[in-house]
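Architecture at a glance
Chain residues, written in single-letter form:
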Amino acid sequence: MRQTVQNLEESKIREVANAGMGRSDVLPFWFGESDEVTPDFIRQAAIASLQAGETFYAHNLGLPELREAISAYAGKLHGPVGVERIAVTSGGVNALMLACQAVVDAGDEVVAVTPVWPNLTAQALIMGAKLKRVSLTPKHGAWTLDLPRLLDAITPATRLLIVNAPNNPTGWTLSRDEQRAILEHCRKTGTWILADEVYERLYFETTPNHCAPSFLDVAQADDRLIVVHSFSKSFLMTGWRLGWLAMPPALTHHMGTLSEFNTSCASGFTQRAAVEAMRRTDEVTPRVVAHLKTCRDTLVPLLQALPGVELTPAKGGMYAFFKLDGFDDSLALAKRLVAEAGIGLAPGNAFAPEAQGWLRWCFASKDVARLRQGVDRLATWLSR
């Protein structure tokens, strides 16, 4: 076993969840997914594909119909994104790993904006990279980017920049001007950008295309930019394990070859379901976003009313990221809340050392009353 793999930290989120899974008295808000099932018409498309006998290997890059649908979808949001730039993957996690495998060699320097979902930094470490973290800074519960500090950290020695915005867990989002500045700087240094934009549609600010700013809005097709997406969040398809990559055309064929040595291909019947999801996006995503905004606007004021809570509403994503005064160990606190309050939250230090003392609450709840019930439990526990 490689020492690098042995040194990987087990998920602290899973550690908390394992302490509460199967307990009917625990309200689980630890994982980043809605508790609402995938819409029926998407499920029916998969069933129809199975009934038709589509149980064989698909193209390494994905079904042509799905790649064309993704190209049209991305083009509607961001301007032309040709099908020759699209690869379908077995989940957003697989897309991120493929991107790292494609551009990172052992010993390369990788810069990551943190706090961030731990898989993004772990994947670079698995490839043998030297990881440099540039942390967001919390101010009154809102996490912000020191752009000059980030640009200073990216040098000609930096092979890859990893940035997730809207951000899991903080909800921080890049502005268009910040994206332009980062892209221009990385052009000068020759640095690749890996942009995890899986939460782009889960955005609560008013924009013409109902979407967070994307690097695809400002980049050229041949820029050293790989953008990762997933069907998980805005299509309620977490368990389907389906994502996609947008990349320079010169990279696409090689990404298909790399897919062959990872998963071969995404399953055909899940891709048929995704084609239907793309075709009927307007019946899914706007409703999901509107409901999530209701969830956010229900949960955040209730948490802010509790003593010692530091929290600002997120512009995007599906999380309330907050700090409780007097509690410095996130993991220990999260475990206590499972055992003593019946609430399952993700510990902040799962996402970066600098998020120690913070907690992530996934507010993607079909029943908003569950959020109120969770806050009541937290308030009772704090009062003790």
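A brief look at the structure comes next. Note that the coordinates shown come from a computational prediction; the quantities given were computed from them, not determined experimentally. (Residues numbered from 1 in each chain as written. Predicted model: local features only at pLDDT ≥ 70, side-chain atom pairs only at ≥ 80, totals over all residues. Heavy atoms only, no water.)

1. Considerations on the overall build of the chain
Stated precisely, the cut-off is as follows: To qualify as a helix, a DSSP run of H or I must reach at least 4 residues; to qualify as a strand, a run of E must reach at least 2; elements of each kind are numbered from the N terminus. The globule rule used here is 2.2 Å times the number of residues to the 0.38 power, and the radius of gyration it is set against is calculated over C-alpha atoms. Exposure classes here rest on a 1.4 Å probe applied to the protein chains alone. A residue is buried below 20% of its type maximum, exposed above 50%, and partly exposed in between. A contact between two residues is defined here by any heavy atoms of the two lying within 4.5 Å. Note on areas: Shrake-Rupley, 1.4 Å probe, and residue coverage restricted to the protein chains presented here. For the charge count, each Lys or Arg is scored as positive and each Asp or Glu as negative, with His and the chain ends excluded. To locate a charge, the coordinates of NZ of Lys, CZ of Arg, CG of Asp or CD of Glu are taken.
Helix and strand counts for the chain come out as 13 helices and 15 strands. The C-alpha radius of gyration computed for the chain amounts to 20 Å, which stays within 12% of the reference 21 Å derived for 384 residues, consistent with globular compactness. The principal-axis extents of the C-alpha atoms in the chain amount to approximately 60 × 50 × 50 Å. When burial is assessed residue by residue, the chain has 57% of its 384 residues classed as buried. Put simply, of all contacts in the chain between residues at least 6 apart along the chain, 74% involve residues at least 24 apart. Only carbon and sulfur atoms are counted for the fraction: they give 52% of the accessible area of the chain, which is about 15,900 Å². When the 38 positive and 40 negative side-chain charges of the chain are each reduced to one mean point, those points stand 2 Å apart.

2. Overview of the sheet that holds strand β10 (residues 243-246)
Rules: A pair of strands counts as paired when DSSP detects no fewer than two bridges linking them. Note on geometry: axes are lines fitted to C-alpha atoms, helical ones only across the stretch in contact, with angles between N-to-C directions running from 0 to 180 degrees.
The mixed open sheet is built from seven strands, whose spatial order is β2-β10-β9-β8-β7-β3-β4. The sheet is open, and its two borders are formed by β2 (86-89) and β4 (130-135), each paired with just one other strand. On average, each strand axis in the sheet is tilted by 20° relative to the strand beside it, whichever way the strands run. In terms of strand pairing, strand β7 (residues 158-164) meets strand β8 (residues 192-196) through five bridges, oriented parallel. Paired with Leu-160 across the bridge in β8 is Trp-192.

3. Let's talk about the nonpolar core
For soluble globular proteins, nonpolar side chains are generally found buried alongside one another. Quick reminder of the rule: The set of buried Ala, Val, Leu, Ile, Met, Phe, Trp, Tyr and Cys residues whose side-chain atoms join them within 4.5 Å is what this entry labels a nonpolar core.
Ile-182, Ile-193, Phe-231, Leu-303, Phe-322, Trp-361 and Leu-378 are the most contacted members of the largest nonpolar core, which has 133 residues in total. A per-element tally of this core places helix α11 (residues 285-304) first, with seven residues. With residues up to four places along the chain from it excluded, the contact list for Leu-378 reads Leu-303, Leu-306, Phe-322, Leu-324, Leu-337, Ile-343 and Trp-361.

4. Structural notes on unusual backbone geometry
Cis geometry is adopted by the peptide bond preceding Pro-115, which originates at Thr-114 and carries an omega value of 0°. On the secondary structure map, Pro-115 appears in the loop between β3 (109-114) and α6 (118-126). The linkage connecting Ala-165 with the following residue, Pro-166, adopts the cis geometry, with an omega of -10°. Within the element layout of this structure, Pro-166 appears in the loop between β7 and α8 (176-189). Phi angles above zero are rare outside glycine, and Ser-264 is one such case at about 70°. Secondary-structure assignment places Ser-264 in the loop between α9 (249-260) and α10 (268-279).

5. Some details on the pairing of strand β9 (residues 225-230)
Here β9 lies mainly inside the structure; six of its six residues are buried. One ladder, built from four bridges, connects β8 with β9; its direction is parallel. Residue pairing across strands places Ile-193 opposite Leu-225, the latter belonging to β9. Bridging between β9 and β10 involves four bridges; their strand directions are antiparallel. Bridge pairing in β10 links Ser-230 to Gly-243.

6. Some words on helix α4 (residues 64-78)
The cut-off we apply is this: How far a helix is expected to stretch is found by multiplying one less than its residue total by 1.5 Å.
With 15 residues, α4 extends 21 Å between its outermost C-alpha atoms, agreeing within 8% with the 21 Å of an ideal straight helix rising 1.5 Å per residue. Restricting attention to buried positions, one finds in α4 the residues Leu-66, Arg-67, Ala-69, Ile-70, Ser-71, Tyr-73, Ala-74, Leu-77 and His-78. Next to the buried residues of α4 lie β2, β10, α9 and α10.

7. Describing the packing of helix α2 (residues 12-20) against helix α12 (residues 330-341)
Stated precisely, the cut-off is as follows: For classification, angles of less than 35 degrees are called roughly parallel, those exceeding 145 degrees roughly antiparallel, those between 65 and 115 degrees roughly perpendicular, and all remaining angles oblique. In this scheme the handedness of a crossing depends on how the near helix is turned from the far one: anticlockwise by less than a right angle means left-handed, clockwise means right-handed.
Packing of α2 against α12 brings their axes to within 9 Å, and their N-to-C directions diverge by 20°. The angle between the axes of α2 and α12 places the two elements in the roughly parallel class. Here the hand of the crossing between α2 and α12 comes out right-handed. Residues Lys-12, Glu-15, Val-16, Ala-19 and Gly-20 of α2 pack against Leu-331, Ala-334, Lys-335 and Val-338 of α12.

8. A look at the packing of helix α3 (residues 40-51) against α10
It is the contact of α3 with α10, at a shortest axis distance of 8 Å, that shows an interaxial angle of 140°. Between α3 and α10, the angle is such that the two are oblique. Like other packed secondary-structure pairs, α3 and α10 cross with a definite hand, here right-handed. Facing α3, whose interface residues are Phe-41, Ile-42, Ala-45, Ala-46, Ser-49 and Leu-50, α10 presents Gly-268, Phe-269, Arg-272, Ala-273, Glu-276 and Ala-277.

9. Quick notes on the sheet that holds strand β11 (residues 309-310)
Read across the sheet, four strands follow the order β11-β12-β15-β14 without closing on themselves; strand pairing throughout is antiparallel. Two strands bound the open sheet, and with one partner strand each, they are β11 and β14 (346-347). Where strand β12 (residues 319-324) meets strand β15 (residues 358-362), five bridges bridge the pair, whose relative direction is antiparallel. Paired with Tyr-319 across the strands is Cys-362, a residue of β15. Of the strands in this sheet, β12 and β15 touch helix α13 (residues 368-383), which is tilted by about 155° from β15.

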